[in-house]
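Residue-level listing of the chains:
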Amino acid sequence: RGLRSSGYHSAGSADAPRTVMAAAASESLLDIKAEEIQLLRKLEALRKSKAELLASRRLRIGIVGFGTFGRFLTKTFVKHHDVFVTSRSDYSEQVGQL
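My aim in this report is to walk through the structure given alongside it, one point at a time. This is a predicted model, so every value here is computed, not measured.

**Quick notes on helix α2 (residues 68-77)**
All of the buried residues along α2 are G70, L73 and T74. Down the axis of α2, the buried side of the element spans an arc of 100°, and every buried residue falls inside it. Among the exposed residues of α2, those oriented more than 90 degrees off its buried face are T68 and F69. Those residues of α2 that are buried lie in contact with β1 (60-64) and β2 (82-86).

**Details of the pattern of salt bridges**
For the structure on display, the rule yields one salt bridge. For D82, the salt bridge identified is with R58, shortest N-O distance 3.2 Å. Here D82, found in strand β2, pairs with R58, found in the loop between α1 (16-56) and β1; they are 24 residues apart in sequence, far enough to count as distant.

**Digging into the pairing of β2**
Bridging between β1 and β2 involves five bridges; their strand directions are parallel. Bridged to V64 within β2 is T86. On the question of chirality, the crossover connecting β1 to the parallel β2 by way of α2 is right-handed.

**Some remarks on the environment of K79**
Of note, K79 is situated in the loop between α2 and β2. Expressed as a C-alpha distance, the spacing of K79 and L98, which sit 19 residues apart in the sequence, is 9.9 Å.

The rules behind the values
Residues numbered from 1 in each chain as written. Predicted model: local features only at pLDDT ≥ 70, side-chain atom pairs only at ≥ 80, totals over all residues. Heavy atoms only, no water. Buried < 20%, exposed > 50% of the residue type's maximum accessible area, 1.4 Å probe, protein only. Helix = DSSP H or I, 4+ residues; strand = E, 2+ residues; numbered from the N terminus. Arc of directions from axis to C-beta. Contact = heavy atoms within 4.5 Å. Salt bridge = Lys/Arg side-chain N within 4 Å of Asp/Glu carboxyl O. Pairing = 2+ DSSP bridges. Right-handed = clockwise from strand over helix to strand, strands pointing away.

So, in structure tokens, the structure goes:
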């Protein structure tokens, strides 16, 4: 009678390379995550700088029509920007109250 293989492989040297590869993959994943955290911090700092720069510049905004929506836009934008309004009717008194 001949020897038959049961399909069982010893856990010796065959699993050792897998363990080393898994450890290397784990280390490279940790390196990637650390780099990702650094990039997110840089992005956050850039966004903050951009927001500060944009907030320091006043825009010149022109609005055509001083109806309900035009008045809403004017009231909203005039807080931080220079707003110019034109309309078919004379709204000089209402504009003066803003």
